[in-house]
Amino acid sequence: MFALEIARGMWTTFKSMFEKPVTIEYPDVKRPVRPRFRGRHVLQRYENGLERCIGCALCAAACPAGAIFVEAAENNDQQRYSPGERYASIYEINLLRCIFCGFCEDACPTEAIVLEHNYELSYLNRRDAIYTKDRLLVPVPPEGRATPMTVPPGAFGKAIPEMEDPD
Amino acid sequence: MSEALVSLTIDGVEVTVPAGTLIVDAAKKIGIEIPVFCYHPKLKPVGMCRMCLVEIGRPKIDRATRAVVRDENGDAVIEFGPKLETACTTPVGEGWVVLVNSERAIKERQQVVEFLLTSHPLDCPVCDKGGECPLQNLTMKHGPGESRFLYEDKMRLDKHVPLGELIFLDRERCIQCSRCIRFQTEIVDDPVIAFSERGRKLEIVTYSEPGFNSYFSGNTTDICPVGALTTADFRFSARSWELSEAASICSHCAVGCNITLHSRREARSKGAEVIKRVIPRHNDTVNEIWICDKGRFAHHYASSEDRLSQPLIKRKGKLVKTSWEEALKRVVDGLKAADGSILGIAGGRTSNEDLFLMRHLMEGLGGQAVQHGDMAGGDLVQQVGVGAETNLARLGAGDCILVVASDLHEEAPIWWLRIKQAVERGAQLIVANARTTRLDAYASHTLRYTYGEAAHTMLGLLHAVNGDGALAKFASDETREASETFAKAPNALLFYGHEGMDYEGSHALAQACASLLSATGHVARPNNGLVAVWPRCNSQGAWDMGLAPHPQGLEEALKGTKAVYVMAADPAGDDPALASMLAEIEFLVVQELFLTETAKAADVVLPAQSFAEREGTYTNGMRRVQRFYPAIAPLGETRPDWQILAAIGEAMGLEPARPSAAAVLLEIASENGDYAGLDYAALAHAESQWPPVGGKDLYFGGTANPNQQGVGVQLPSGVERGEAFEIEWSTPARVSSKRGIMMIPITKLYDRGTTIEPSQVLSSRLVSLCLHINPEDAKRLKISDGGEVDVTWNGGEQRLRTVIEEEVPRGVVLVPRSLGVPLAAPVAVKIRSVGS
């Protein structure tokens, strides 16, 4: 009676020894995420290195958790951070507050803020959870320059790029 | 007043309005909103933007009989015009039918929006007006959603055009409604900006040097229906929805403009909440929807880094930081040791609650409290001040306004503006001053006297009214004519200042003015009475609370005093003679925002809160009590003035503790008959005002706030409450120039006072310290324009640069106040050209 039950259980155990394991060796091995996965934010740059973020604070307005703080300042051609007149002098996201809803992405008129695929978010103190602009910005692309940069007068007057109609 | 009424139908709703009302306003009255851009209820209509197009049908008139044609039912036949008409320029007509939301009108307005946006950049995300922009709102509501114009054909124009240091223009965003130009021309008569070129090249330019040189320039950014005009102060510093707002009262002059403080956390200030901008708050009896640029930009002192944040105590000759407990203990010990020989000196910048408790504390200790200042007449303003319900906007044809010894454009710009507007409505203006001021241009009578004879001139006017023989020596043809105009006016207001006089002179002037008003019967009624142009926002409140300047001056008051308690005043900084006296005082307490000269000499310095961090009430020059609310978190360990005084009173066993500023006002109301019945709830009472301007209002929108936090309460004058007033007069000793040339301190709007200097944005507009001198005197003294001179007077000496000006009267030199020359009243000076 019991022996049969035990044998059946042991058979299951024996069988699984030859199966491919479902677990992975994190952190040596990382599971790929879906393309639309919403991980930690990054602030994008244009190919020439200019920041896409124009400091409009629409992300902060859209954020249901009040996680984003933006303070803007004025750009000029000698010290240009982003196209147009305005750039974010302070950009902070408190990732302890963030609920990764992606509303900030939707609100962004320049596609500057993007929830990328990094989900490894752990901190030793609360202050580290506040991502400042330098931590959020992506590295300068190979053919670009670092900001602030000097540009020819009037070359980057328009804050919001022309975008394709999604329809 | 009986006005002809006209009835018409707007979108099926019948409305009856006075003849001459514009269709937009009539529609607004019944809640039908006609979108506008160029129209503003405070400006004359021009019909430039075409946004208010409506269909107008008029009753058909039979040409032969001039009678209205009627159909078989007896109804008037309505004929619609072939084209739409602008509702903002068309006054209503009897029996008209206006269609606002007909299919045709809606479609045509959509096309107007499409046209307005042909070259608008639509950069709302980076625009400072975004979120509170009439163009944004009206485009969402009335726009077509899509444009047929080619995107590539949009014009690219300059986005950073400074019109002077204070206002910036974005040429792309401008929709050329001309509200700013019309405001500058029609309302403030500073036509320093204008359109240049025509058609697609049209742009706004400034013609003045420095650019956009007007004391009211900030208001154009409020009424701009797009983000074309922005202030240097607020540019890019916050989005409108991020700001928290608090109602407040401007603390810079006696007008008491209603303002709203917008604040937000700022990284630069280590996360502290700071005032981001000041915008006007609608109060038709005080400032309508305007404020001057000083009120708008000189708010930075509240969040200045130089503010005192902790109590200081003197140890071994040095001021060191300490705790409140220790500081208050030292104050209590020091005041006790003085044994009643105590003098309280308070400035007119503090609230009624502070001043009331100051007097209580000083009197409780057996001392006395005085106001720091040298202008007299607050008691007379209490008696014959303006009647309740006074509103400068109601003075018009036939009424008279007299301004004496004050340069209102510099001292109280909003009063200047409203008096000018009264003149344009037909009021007579009499200006009496020793020199030319900007108000002279609007005056029907200009009375010129030599410095020191302001009171004599007023007595000359009084002579023409009561025929008192003793006054005959002051009369002249000019005073007779002016007096006639003043006496026969149904309503008359009298504004007096204290330019070129000491306390005694200003007392004589106030007496003469009060007597003139009383003799002509211009008292105890609305729109009649005496107004003092005080140098501080709450000087009148100080008088009402029982704090008058010492008649013989502070030097006299300080003699033999053991302990002095100074609140929001800097006597040592104002006068070196007082500084040396205060240095000798046994025990000096200073309650201040900044470490002033007086504070440096103090034994204990107590850090107070600015008007933006606390609540309280101010009484303005027209005796309107107005309430202000806290806008930002208190700095460091600072406390409100009233709280500090109450704590000291309690520690000395004199007074009970006060729980709140509101409780102090209740005490004031129970003790002071004029303030009877006042409480914070009454002061917070606000009714909707017509026209609804600014704020959430979509159609007359702009960045001014509607008033929901209280319009204040105007106190009745003593005579109005049945007190007797006796005509008295005295003549002050004439300011003589026998001992040399007289130096007269004059007031300029942007000086280097402690509340103005921390505002960096105004730094380029601050007046420079110069000695203004008449060309003839300059020639006599061999002084060249721009040359340096040594000026010496009893108790002072200074090297100054000179400016030769035709406007300066002969025999005197003028020097602006609060720029470093420690001068309160005129003095005889010796001038020696450097190098001669």
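Residues numbered from 1 in each chain as written. Chains lettered and ligands numbered in written order. Predicted model: local features only at pLDDT ≥ 70, side-chain atom pairs only at ≥ 80, totals over all residues.

(A) How the structure looks around the overall build of chain B. When you go through chain B residue by residue, the secondary structure sums to 23 helices and 35 strands. Principal-axis analysis of the C-alpha atoms places the extent of chain B at approximately 95 × 70 × 65 Å. Counting every position in chain B, which comprises 836 residues, the buried fraction comes to 54%. Contacts spanning at least 24 positions in sequence make up 71% of the contacts within chain B whose residues lie at least 6 apart. (Helix = DSSP H or I, 4+ residues; strand = E, 2+ residues; numbered from the N terminus. Buried ≥ 20, exposed ≤ 12 C-beta atoms within 10 Å, placed from the backbone. Contact = placed C-beta atoms within 7 Å.)

(B) Seen up close, the overall build of chain A. Counting its regular elements, chain A contains four helices and five strands. Taking 167 residues into account, the globule formula puts the C-alpha radius of gyration at 15 Å, and chain A, at 23 Å, lies well above it. Across its three principal directions, the C-alpha atoms of chain A cover 90 × 35 × 35 Å. Scored against the burial criterion, the 167 residues of chain A give a buried share of 26%. (Rg over C-alpha atoms; globule rule 2.2 N^0.38 Å.)

(C) Local environment of the sheet that holds strand S26 (residues 604-607) of chain B. All names here are of chain B. Pairing is mixed across the open sheet formed by seven strands, whose spatial order is S16-S15-S26-S25-S24-S17-S18. In the strand order of this sheet, the two ends are held by strand S16 (318-321) and strand S18 (368-371), each with one partner. Strand-to-strand twist in this sheet, taken as the mean axis angle between neighbours without regard to direction, amounts to 20°. Alignment of strand S25 (residues 587-592) against S26, held across four bridges, turns out to be parallel. Across the sheet, residue Val589 finds its bridge partner in S26, namely Val604. Its contacts with the sheet put helix H7 (residues 324-338) on strand S15 (312-315), strand S17 (342-346), strand S24 (563-567), S25 and S26, and the angle it makes with S25 is roughly 135°. (Pairing = 2+ DSSP bridges. Axes fitted to C-alpha atoms, helices over the stretch in contact; angles between N-to-C directions.)

(D) Spatial organisation of the interface of chain B and chain A. In this assembly, 13 residues from chain B lie in contact with 17 residues from chain A. For the side of chain B that touches chain A, the per-class residue count stands at five nonpolar, one polar and seven charged. (Nonpolar A, V, L, I, M, F, W, Y, C, P; charged D, E, K, R; others polar.)

(E) Fine view of the domain arrangement of chain B. All names here are of chain B. Per the domain assignment, the segments making up chain B are domain 1 (5-101), domain 2 (151-300), domain 3 (312-373 + 541-684), domain 4 (378-533) and domain 5 (741-833). One C-alpha centre belongs to domain 2, the other to domain 5, and the line joining them spans 31 Å. Of the residues lining the interface, eleven residues belong to domain 2; the matching set on domain 5 comes to eleven residues. The residue makeup of the side of domain 2 that touches domain 5, split by class, is five nonpolar, three polar and three charged. (Domains from an automatic or database assignment.)

(F) Just the packing of helix H8 (residues 352-364) of chain B against helix H21 (residues 661-671) of chain B, in detail. Residues and elements named next belong to chain B. H21 packs onto H8 with a crossing angle of 65° between their chain directions and a minimal axis gap of 9 Å. Here the hand of the crossing between H8 and H21 comes out left-handed. Only Ala661, Val664, Leu665 and Ile668 of H21 make contact with H8, whose side of the interface consists of Asn352, Glu353, Phe356 and Leu357. (Left-handed = near helix turned anticlockwise from the far one by under 90°.)

(G) Spotlight on the nonpolar core. Residue and element names in this part refer to chain B. Counting 184 residues, the largest nonpolar core has Val54, Ile419, Met458, Leu494, Leu509 and Cys513 as the members making the most contacts within it. Here the element with the most residues in this core is helix H14 (residues 503-519); it accounts for nine residues. Ignoring sequence-local partners within four residues, the contact set of Cys513 consists of Val404, Met458, Leu494, Tyr496 and Leu530. (Core = buried A, V, L, I, M, F, W, Y, C linked by C-beta atoms within 7 Å.)

(H) Up close: helix H3 (residues 134-142) of chain B. Taken residue by residue, H3(B) has B:Pro134, B:Leu135, B:Gln136, B:Leu138 and B:Thr139 as its buried positions. Those residues of H3(B) hidden inside the fold are in contact with helix H2 (103-116) of chain B.

(I) Just the environment of A:Tyr119, in detail. Looking at the element boundaries, A:Tyr119 is found in the loop between strand S4 (113-115) and strand S5 (130-131). In this structure the C-alpha to C-alpha distance between A:Tyr119 and A:Val151, which are 32 residues apart in sequence, comes to 36 Å.

(J) Expanded view of the sheet that holds strand S22 (residues 492-496) of chain B. Residues and elements named next belong to chain B. The parallel open sheet is built from five strands, whose spatial order is S21-S20-S19-S22-S23. The open sheet is flanked by strand S21 (445-448) and strand S23 (529-532), the only strands paired with a single partner. Averaged over all adjacent pairs, the angle separating strand axes in this sheet is 15°, with direction ignored. Inspection of the sheet shows S22 paired to S23 by four bridges, in the parallel sense.

(K) How the structure looks around the environment of B:Val226. All names here are of chain B. Looking at the secondary structure, you find Val226 in the loop between helix H5 (218-223) and strand S11 (229-231). Residue class for Val226 comes out buried when judged on the 22 C-beta atoms lying within 10 Å of it. Sequence separation between Val226 and Pro82 is 144 residues; the distance between their C-alpha atoms is 32 Å. Apart from residues lying up to four places away in sequence, Val226 is in contact with Lys129, Cys133, Leu135, Arg173, Cys174 and Ile175.

(L) Expanded view of the pairing of S17(B). Residues and elements named next belong to chain B. Where burial is concerned, most of S17 is hidden: five out of the five residues are buried. Burial of S17 is two-sided: the residues Ile342, Gly344 and Ala346 facing one way and the residues Leu343 and Ile345 facing the other way are all buried. Where S17 and S24 come together, five bridges link them in parallel fashion. Bridge assignment links Gly344 to a residue of S24, and that residue is Tyr565. Taken together, the four bridges between S17 and S18 define a ladder with parallel strand orientation. From the neighbouring strand, Ile345 faces S18, where its bridge partner is Val370. Handedness of the crossover is the feature at issue here: the chain leaves S17, passes through H8, returns alongside S18, and the resulting connection is right-handed. (Right-handed = clockwise from strand over helix to strand, strands pointing away.)

(M) How the structure looks around unusual backbone geometry. Cis peptide bonds are those with omega within 30 degrees of zero, and the linkage from A:Tyr26 to A:Pro27 qualifies with 5°. Position of A:Pro27 relative to the elements: it lies in the loop between helix H1 (2-16) and strand S1 (41-43). With an omega dihedral of 0°, the bond running from A:Thr147 to A:Pro148 counts as a cis peptide bond. Locating A:Pro148 in the fold gives a position in the segment after helix H4 (133-136). If you check the backbone angles, B:Phe212 has positive phi at about 45° while not being a glycine. Within the secondary structure layout, B:Phe212 lies in the loop between strand S10 (203-206) and H5. The backbone phi angle of B:Lys270 is positive, close to 55°, even though this residue is not glycine. Tracing the backbone through its elements, the reader meets B:Lys270 in the loop between strand S13 (258-265) and strand S14 (273-280). Given 7 C-beta atoms within a 10 Å radius, B:Lys270 is considered exposed.

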